[in-house]
Structure formats: C-alpha cells, structure tokens
Amino acid sequence: MPDLLTHVLVAYAVAGSLALKTSFPDRFVPVVCVGATVPDAMKAAVLADVAIGSAFGVPYSFWGVHTLGGVIALGGLGALTIRRTDRWPALAALVSGGVGHLLLDLFVIRVDGVGPPYLFPLTAWLPPAGNLYASSDVWPAAVALVLAVPVWVVRARQ
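What comes next concerns the included structure. In this convention, every chain numbers its residues from 1, walking through the sequence in written order. pLDDT decides what is reported in this predicted model: residues at 70 or higher carry local features, side-chain atom pairs at 80 or more are listed and counted, and totals for whole chains, interfaces and linings draw on all residues regardless. Neither water nor hydrogens contribute to the side-chain values; these are computed over all heavy atoms in the structure.

1. Digging into the packing of aromatic side chains
Then, in step 1: In this analysis, rings of Phe, Tyr and Trp, with Trp reduced to its six-membered ring, are considered paired at centre separations within 6.5 Å, and the interplanar angle assigns stacked below 30 degrees, edge-to-face beyond 60, and tilted for intermediate values. Scanning the model with the defined rule gives 1 aromatic pair in all.
Then, in step 2: Plain terms: the ring middles of Y133 and W139 are 6.0 Å apart, the flat faces sit at 80° to each other, and that makes the pair edge-to-face.
Then, in step 3: Relative accessibility under 20% of the residue-type maximum defines a buried residue, over 50% an exposed one, and the middle range a partly exposed one, all with a 1.4 Å probe and only protein chains included. For W139, a relative accessible area of 43% gives the class partly exposed.

In structure tokens form, the structure reads like this:
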C-alpha cells in the first residue's frame, strides 16, 4: 500500500522539519502522521458497507470522510482523546496531516481529469487532477522515503 505509506512519510518529513526549525512541539509529530491517515478511514467503510448493507439492506456511503469536512470532524473526535490542555494543538496537528493527505491526493491520476470535492462541505467544486501518479505506484513512496530518512537521522541525533 504505497499510497498510505507515502502520506505518512511526507507528513513525518514536513512535521519533523517543522519541529527542528520552529517551536512546533516534537510530541505532535506522530499526531500529524496519524492525521495523514484519517482520510483513508473511508477505505475501512467498504467492509462496513458489505456487512451492514447486506445485513440490514441500508445503503450508505462514507465518501465525505475523504474531504476537508471529514478530516475536521474526525480530527475533532481524535482531539477529544487527548488531554484537555493539548486538544487545540492536537486538533491542528490532526487536521494538518489530513489536509496534507488531501493535497497529495490532488496529484493522483484520474480518468476524468478532475478530483473529488475535497472542499466539501464548503463547496462542491471539483479541483483539476494533477495526473502525476497512480495510487498504486511505488515511486512516490520512494521519494517520500528519501525525504523522510534525513529528517529522521537529524532528529535522532538531537
């Protein structure tokens, strides 16, 4: 699953670099990485759709999870699991990881040339797809690894 790995590695590289160069708290770097996986929570819904949809005959969709509104909603739920004093920074870290995920997904090859409505519920605008790579390509994960390893080495030496 190079797509998910790419999202986490890029989130780590960006958040780790921020933690090195700014006052971004080091303890929130893994939270940004978790936030980068949030939009892919809708992939788990495929199993729920099969189980619940076939058992109860109720069709439903989780497509909204892979949007800005879904990232904010799931980030808010995730932030509620953090101690009260760190909830706002944790929410910002989770949402920034999820937004990074959505930005990387803008470059996925789409047959029709447009991406999904990532800005839902603000607008139904369909952004143009970057058509740079397929989600099954391995080279984006390799590039993300090349970006993340030096950040990891520098952070490990501190």
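Alright, that's what it looks like, and here's the rest.
2. Description of a nonpolar patch on the surface
Then, in step 1: Residues with no salt bridge and a relative accessible area higher than 30% make up the patches, which join like charges within 9 Å and nonpolar side chains (Val, Leu, Ile, Met, Phe, Trp, Tyr) within 5 Å. Under the convention used here, a 1.4 Å probe and the Shrake-Rupley method define accessible areas, while residue burial counts only the protein chains that appear. We count a salt bridge whenever a side-chain nitrogen from Lys or Arg sits within 4 Å of a carboxyl oxygen from Asp or Glu. A contiguous nonpolar surface patch, about 490 Å² in accessible area, is contributed by F107, L132, W139, V143 and L147.
Then, in step 2: Relative to the helices and strands, V143 is located in helix α6 (residues 139–157). For the purposes of this entry, the term helix denotes a DSSP run of H or I that reaches at least four residues, the term strand denotes a run of E that reaches at least two, and both are numbered from the N terminus.

3. Notes on the pattern of salt bridges
A side chain of one charge can pair with a side chain of the opposite charge if their charged atoms are brought near each other.
Then, in step 1: The final tally for this structure, using the stated rule, is 3 salt bridges.
Then, in step 2: Notably, a salt bridge pairs D86 with R27, separated by 3.3 Å at the nearest N-O pair. Taken together, the residues D86 in the loop between α4 (68–79) and α5 (87–105) and R27 in the loop between α1 (2–21) and α2 (29–35) connect sequence positions 59 residues apart.
Then, in step 3: For D86, a relative accessible area of 9% corresponds to the buried category.
Then, in step 4: Judged by relative accessible area, R27 falls into the partly exposed class, the value being 49%.
Then, in step 5: Between R83 and D86 there is a salt bridge, with the nearest N and O atoms lying 2.9 Å from each other.
Then, in step 6: Overlapping salt bridges, with partners in common, bring together R27, R83 and D86 in one network.

4. Thoughts on unusual backbone geometry
Then, in step 1: The omega torsion across F120 and P121 is 10°, close enough to zero to call that bond cis.
Then, in step 2: You can see P121 is positioned in the loop between α5 and α6.
Then, in step 3: Of note in the backbone geometry, N131 takes a positive phi value of approximately 50° without being a glycine.
Then, in step 4: Secondary-structure assignment places N131 in the loop between α5 and α6.
Then, in step 5: Exposure remark for N131: the relative accessible area of 37% places this residue in the partly exposed category.

5. Considerations on α5
Then, in step 1: For α5, which comprises 19 residues, the first-to-last C-alpha distance of 27 Å matches the rise-based estimate of 27 Å (1.5 Å per residue) to within 8%.
Then, in step 2: Considered for burial, the residues of α5 that qualify are A90, L91, A93, L94, V95, G97, G98, H101, L102, L104 and D105. Here a helix's expected span is defined as the number of its residues, less one, multiplied by 1.5 Å.

6. Considering the layout of surface pockets
Then, in step 1: Estimates place the volume of the largest pocket at around 260 Å³.
Then, in step 2: Taken together, 15 residues form the lining of the largest pocket, with K43, H66, D105, R110 and Y118 sitting closest to its centre.
Then, in step 3: Put simply, the parts of the chain that give the lining of the largest pocket at least two residues each are α3 (41–56) and α5.
Then, in step 4: Taken together, 15 residues form the lining of the second largest pocket, with A11, V14, S96, G97 and G100 sitting closest to its centre.
Then, in step 5: If you list the elements that add at least two residues to the lining of the second largest pocket, you get α1 and α5.
Then, in step 6: Classes in brief: Ala, Val, Leu, Ile, Met, Phe, Trp, Tyr, Cys and Pro nonpolar; Asp, Glu, Lys and Arg charged; the others, Gly included, polar. In the lining of the second largest pocket, the residues fall into 10 nonpolar, 5 polar and no charged. Whether a set of points on the 1 Å grid over the protein atoms alone is a cavity depends on a 1.4 Å probe fitting there but being unable to get out, while an open set qualifies as a pocket with protein on both sides within 12 Å along at least five of seven lines; lining residues are those with an atom within 4 Å of a point. Grid points are joined across faces, edges and corners, and a volume is the space filled by probe spheres set on the points.

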